[in-house]
Amino acid sequence: MAKKIETLVLNTQQPDEKGFFGAYGGAYLPPNLVEVMQEIAESYVNIKTSATFLEELTMLQQTYTGRPSPIYYAKRLSEAVGGAKIYLKREDLNHTGSHKINHCLGEVLLAKHLGKSKVIAETGAGQHGVALATAAALLGLECDVYMGEVDVLKQAPNVRRMEVLGAKVIPVSRGTRTLKDAVDAAFEAYMTDPVTTMYAIGSVVGPHPFPMMVRDFQSVVGREAREQFITMTGGLPQHILACVGGGSNAMGIFSGFLDDEEVQIYGVEPGGRGPAIGDNAATMAYGKPGIIHGFSCYLLQDADGEALPVYSIASGLDYPGIGPQHCHLRDIERVQYVIATDRDALVAFYNLSRLEGIIPALESSHALGYAIKMASAMKKDETILVNLSGRGDKDMDYVMEHYPLEAFETQKLLVK
Ligand SMILES: *Cc1c(COP(=O)(O)O)cnc(C)c1O
């Protein structure tokens, strides 16, 4: 049934031994981190086939996270759109409410098996920090989370969550006091003690082996989805969509279908308010190859290679770079990268809430927003599978305050 693209398998799934996916990735590091990162890479490659490790991870995924997450046919939404059938992979139903727990469990379990006593990370909106603090509490490791002062103030509920979970939140007061400065501070802290601590990156970005490792931990989403979709419908989905910030939830679901050449795959980037600099975070659309945070990728950058300011209504998507495997998949034209604006995301946010009783994260709403547009131009027997990466409870207050439903009264899709 499913045709395999044999030649693509190696190229798309595995980086070379230096961590490159085609021309992207690698490890651009200060000298004192080179060896440490190699050690993590080697231990990971050994452990990823260890039965003890995999059994423990699978057990936690099933009994703690609640895997497998279901695939749901969004019938009322599909009928309102009047085109293709839209299906959702429900990562929003995971413990802690998003796909992030998938890689955090893997990373903290790896740290534990390596004999580390602490994990360190940066966080922007606090979603990665909360998922990591959760996994650290579960497995009995200390957890330090670096967070820009601006974000600490903006994201008070997530700061509280991390503290209740026993993590230490360290406010970063340099630079713009946001995510990029938090990454710098966290890396510096890690460099002072790379022996007893492990850095736990929050997406398929950063130096090798993180893009590969985080992808592997997320790949459970794609494996489940492929099997579930076949069981449910008798075939593969024709189109798969996921939102892309750094690209971890997207790599997770894509990885299950990359070898099925009849499946069309789309990564949806945040188009924000429009194409001007600082109004979006659509790296593939407006970026050029460059280097950020220890790896090479398409990057929104100025003439000197400095990362440009980025914006999206979804704080989990506003990163100026993108995972190296995505860059490669774009170059070999296996995945298409497209844009959904703030408005597209809001339309999806309200529609899914009103038509299906599912409040999606604003990040996930980007994938859904593009799916709604695509579906409306398709035939009723076509199928679209969207990775619903997280739930939207965290976004409700913001949306109701700044984008009340009345503003969308003219949108024809919206049920009143
Ligand atoms: C963090 C986050 C994202 C963006 O991260 P990726 O690595 O691109 O997946 C998407 N959706 C949700 C719900 C998130 O919390």
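Residues numbered from 1 in each chain as written. Predicted model: local features only at pLDDT ≥ 70, side-chain atom pairs only at ≥ 80, totals over all residues. Heavy atoms only, no water.

Colleague: Looking at this model, I keep getting lost on the pattern of salt bridges. Mind explaining?
Modeller: Pairing is possible between side chains of opposite charge, provided their charged atoms come close. Scanning all chains against the criterion turns up 18 salt bridges. For the salt bridge of E149 with R177, the shortest nitrogen-to-oxygen distance reads 3.6 Å. On the criterion of sequence distance, the pair formed by E149 in helix α7 (residues 149-154) and R177 in the loop between β7 (168-172) and α9 (179-192) is long-range, its members being 28 residues apart. Judged by its relative accessible area of 31%, E149 falls in the partly exposed class. Given a relative accessible area of 34%, R177 falls into the partly exposed group. Residue K394 is joined to D395 by a salt bridge in which the shortest nitrogen-to-oxygen separation is 2.8 Å. For K394, a relative accessible area of 33% corresponds to the partly exposed category. (Salt bridge = Lys/Arg side-chain N within 4 Å of Asp/Glu carboxyl O. Helix = DSSP H or I, 4+ residues; strand = E, 2+ residues; numbered from the N terminus. Buried < 20%, exposed > 50% of the residue type's maximum accessible area, 1.4 Å probe, protein only.)

Colleague: What am I meant to see in helix α5 (residues 100-113) here?
Modeller: Working note: α-helix, 3.6 residues per turn, so residues spaced by three or four point in the same direction. Along its 14 residues, α5 runs 20 Å from first to last C-alpha, staying within 8% of the 20 Å computed at 1.5 Å per residue. With 12 of 14 residues buried, α5 is to be regarded as a mostly interior element. Within α5, burial applies to K100, I101, N102, H103, C104, L105, G106, E107, V108, L109, L110 and A111. Directly beyond the C-terminal end of α5, a positive phi value near 80 degrees is found at G115. (Expected span 1.5 Å × (residues − 1).)

Colleague: Explain the sheet that holds strand β3 (residues 71-73) to me, please; I cannot follow it from the model alone.
Modeller: Hydrogen bonding along the main chain pairs the strands of a sheet, whether they run parallel or antiparallel. Overall, mixed pairing links the 6 strands, which are arranged β3-β4-β14-β9-β10-β13 in an open sheet. Here the strands that pair on one side only, and so sit at the sheet edges, are β3 and β13 (335-341). Here the strands of the sheet are splayed against their neighbours by 30 degrees on average, with no regard to which way each runs. Across 6 bridges, strand β4 (residues 85-90) lies against strand β14 (residues 383-388) in parallel orientation. Residue L88 lies in a different strand from β14, and its bridge partner there is V386. (Pairing = 2+ DSSP bridges. Axes fitted to C-alpha atoms, helices over the stretch in contact; angles between N-to-C directions.)

Colleague: Looking at this model, I keep getting lost on the nonpolar core. Mind explaining?
Modeller: General note: in soluble globular proteins, nonpolar side chains tend to be found buried as a group. Within the largest apolar cluster, 88 residues are counted, with the highest numbers of intra-cluster contacts made by I253, F254, F257 and L385. Among the elements that line this core, the one with the most residues is helix α10 (residues 210-233), at 9 residues. Each of domain 1 (20-64 + 100-211) and domain 2 (71-97 + 219-407) accounts for three or more of the residues forming this core. Beyond its immediate chain neighbours, meaning those up to four positions away, L385 contacts I71, Y87, L88, K89, A225, F229, P237, H239, I240, L241, I253 and F257. Counting 36 residues, the second-largest nonpolar core is a separate cluster that includes A84, Y266, Y311 and L346. (Core = buried A, V, L, I, M, F, W, Y, C linked by side-chain atoms within 4.5 Å. Domains from an automatic or database assignment. Contact = heavy atoms within 4.5 Å.)

Colleague: Could you clarify how one ought to interpret the site of the ligand in this entry?
Modeller: As a matter of local geometry, the ligand sits amid 17 residues, with K100, S203, G247, S248 and S389 nearest to it. Contact between the ligand and S248: an oxygen atom at 2.7 Å from a side-chain N or O atom of the residue. Protein burial of the ligand: of its 380 Å² of free accessible surface, 97% is covered by the chains. Of the residues contributing to the shell around the ligand, the split by class is 4 nonpolar, 11 polar and 2 charged. (Near = heavy atom within 4 Å. Polar contact = N/O pair within 3.5 Å; in protein donor to acceptor, adjacent residues only side chain to side chain. Areas by Shrake-Rupley, 256 points an atom, 1.4 Å probe, with all protein chains shown as cover. Nonpolar A, V, L, I, M, F, W, Y, C, P; charged D, E, K, R; others polar.)

Colleague: I tried to follow the packing of aromatic side chains on my own but got confused; where do I start?
Modeller: Here a ring pair, both rings aromatic, is described through the centre-centre distance and the interplanar angle of the planes. Inspection of every chain in the model, using the stated rule, returns 11 aromatic pairs. Each ring, one from F53 and one from F217, has its centre 6.4 Å from the other, and the planes form 45 degrees; the classification is tilted. Of this pair, F53 sits in helix α3 (residues 51-65) while F217 sits in helix α10, and the two are 164 residues apart along the sequence. For the pair F53 and F217, one class covers both residues: buried. (Phe/Tyr/Trp six-rings, centres within 6.5 Å; stacked < 30°, edge-to-face > 60°.)

Colleague: How should I be thinking about the sheet that holds strand β5 (residues 118-123) in this particular structure?
Modeller: The sheet built from 4 strands is open, its strands ordered β7-β6-β5-β8 with parallel pairing. The strands lining the two open edges of the sheet, one partner per strand, are β7 and β8 (197-199). Adjacent strand axes in the sheet meet at a mean angle of 25 degrees when their direction is disregarded. Pairing of β5 with β8 involves 3 bridges; the strand directions are parallel. Counted as the bridge partner of I120 is Y199 from β8. Its contacts with the sheet place helix α6 (residues 127-139) against β5 and β6 (142-148), and it is angled at close to 165 degrees to β5.

Colleague: I keep staring at the domain arrangement of the chain and nothing clicks. Help me out?
Modeller: Often, the extent of an interface is quoted as the loss of accessible area upon association of its parts. Looking at the assigned domains, one finds that the chain contains domain 1 (20-64 + 100-211) and domain 2 (71-97 + 219-407). Here the C-alpha centre of domain 2 lies 23 Å away from the C-alpha centre of domain 1. The partner domain 2 presents 29 residues to the 28 residues of domain 1 that form the contact. Together, Y24, Y28 and V204 form the three largest contributors to the area buried by domain 1 at its contact with domain 2, with a combined 28%. Inspection of the region where domain 1 meets domain 2 yields 0 salt bridges. For the pair domain 1 and domain 2, the number of links is 8 residue pairs in polar contact (both at pLDDT 80 or more). In terms of residue class, the side of domain 1 that touches domain 2 is built from 15 nonpolar, 11 polar and 2 charged. (Buried area = accessible area lost by both parts, 1.4 Å probe.)

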